[in-house]
Amino acid sequence: MTIQECYDIIGGDYEDVFERLCKEERIKKYMFKFLNDPSFEMLCTSLNEENLEGAFCAAHTLKGICQNLGFGNLYESSDRLAEKLRTRKKQNVTEFMRQVEEDYGMTVSVIKQFQAQNTI
């Protein structure tokens, strides 16, 4: 799998990211670092604890990271969740979170596959 194919699968915009980061190696570096980012875990923990302020901050952070890395599908779903959480009300949050979980799972899975193919 090429890095462009990876971006295609996760609904990303490789060309946009390449314009910002200028080198494929730099994109790979930050893509692989995403696997260790705690934002998604913090989002899940905050929602389980009904900490809507913490959940909003985590969703907003996740959204920003995904925007910078061009992870289109996960950016869009985390953006919708962040906007829902901005009100600090729980109503319908579960529906938005389900999509974030699905997009996050797909994104991480594809990155891990790509990483396995690109490890010496």
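Going by the structure above, here's the rest.
Here's a quick rundown of the structure. (Residues numbered from 1 in each chain as written. Predicted model: local features only at pLDDT ≥ 70, side-chain atom pairs only at ≥ 80, totals over all residues. Heavy atoms only, no water.)

### Some thoughts on the packing of helix H4 (residues 39-48) against helix H7 (residues 93-117)
Line of reasoning, step 1. Contact geometry of H4 with H7 gives a least axis separation of 12 Å together with a crossing angle of 155 degrees. With respect to their mutual orientation, H4 and H7 come out roughly antiparallel. Considering how the two elements wind past one another, H4 and H7 form a crossing that is left-handed. When H4 is examined against H7, the residues Phe40, Leu43, Cys44 and Leu47 are found in contact with a partner set consisting of Val93, Met97, Val100, Glu101 and Tyr104. (Axes fitted to C-alpha atoms, helices over the stretch in contact; angles between N-to-C directions. Helix = DSSP H or I, 4+ residues; strand = E, 2+ residues; numbered from the N terminus. Parallel < 35°, antiparallel > 145°, perpendicular 65-115°, else oblique. Left-handed = near helix turned anticlockwise from the far one by under 90°. Contact = heavy atoms within 4.5 Å.)

### Quick notes on the pattern of salt bridges
Close approach of charged atoms lets side chains of opposite charge pair.
Line of reasoning, step 1. With the rule as written, the count across this model stands at five salt bridges.
Line of reasoning, step 2. Between Glu24 and Lys28 there is a salt bridge whose closest N-O contact spans 3.7 Å. Taken together, the positions of Glu24 and Lys28, both in helix H3 (residues 24-34) and four residues apart, correspond to about one turn of that helix.
Line of reasoning, step 3. Look at Glu24 and you get partly exposed, because its relative accessible area is 33%. (Salt bridge = Lys/Arg side-chain N within 4 Å of Asp/Glu carboxyl O. Buried < 20%, exposed > 50% of the residue type's maximum accessible area, 1.4 Å probe, protein only.)

### A closer look at the nonpolar core
Among soluble globular proteins, nonpolar side chains are generally buried collectively.
Line of reasoning, step 1. Residues Tyr7, Met31, Phe34, Leu43, Phe71 and Leu85 are the most contacted members of the largest nonpolar core, which totals 37 residues.
Line of reasoning, step 2. Sorting the residues of this core by element identifies helix H1 (3-9), helix H2 (14-21), H3, H4, helix H5 (52-69), helix H6 (72-85) and H7 as the ones contributing at least two each.
Line of reasoning, step 3. The contact partners of Leu85, leaving out residues within four places of it in the chain, are Leu43, Leu47, Leu52, Ala55, Phe56, Ala59 and Val93. (Core = buried A, V, L, I, M, F, W, Y, C linked by side-chain atoms within 4.5 Å.)

### A closer look at H6
Line of reasoning, step 1. For H6, which comprises 14 residues, the first-to-last C-alpha distance of 20 Å matches the rise-based estimate of 20 Å (1.5 Å per residue) to within 8%.
Line of reasoning, step 2. On its buried side, H6 packs onto H3, H4, H5 and H7. (Expected span 1.5 Å × (residues − 1).)

### Description of the side chain of Lys63
Line of reasoning, step 1. On the secondary structure map, Lys63 appears in helix H5.
Line of reasoning, step 2. In this structure, Lys63 is in contact with Tyr75, Ser78, Asp79 and Glu83, ignoring residues within four places of it in sequence.

### A look at H3
Line of reasoning, step 1. For H3, the set of buried residues is Ile27, Lys28, Met31, Phe32 and Phe34. Along the axis of H3, the buried positions cluster into a sector of 145 degrees, meaning they face one direction only.
Line of reasoning, step 2. Residues of H3 that are buried in the fold lie against H1, H2, H5, H6 and H7. (Arc of directions from axis to C-beta.)

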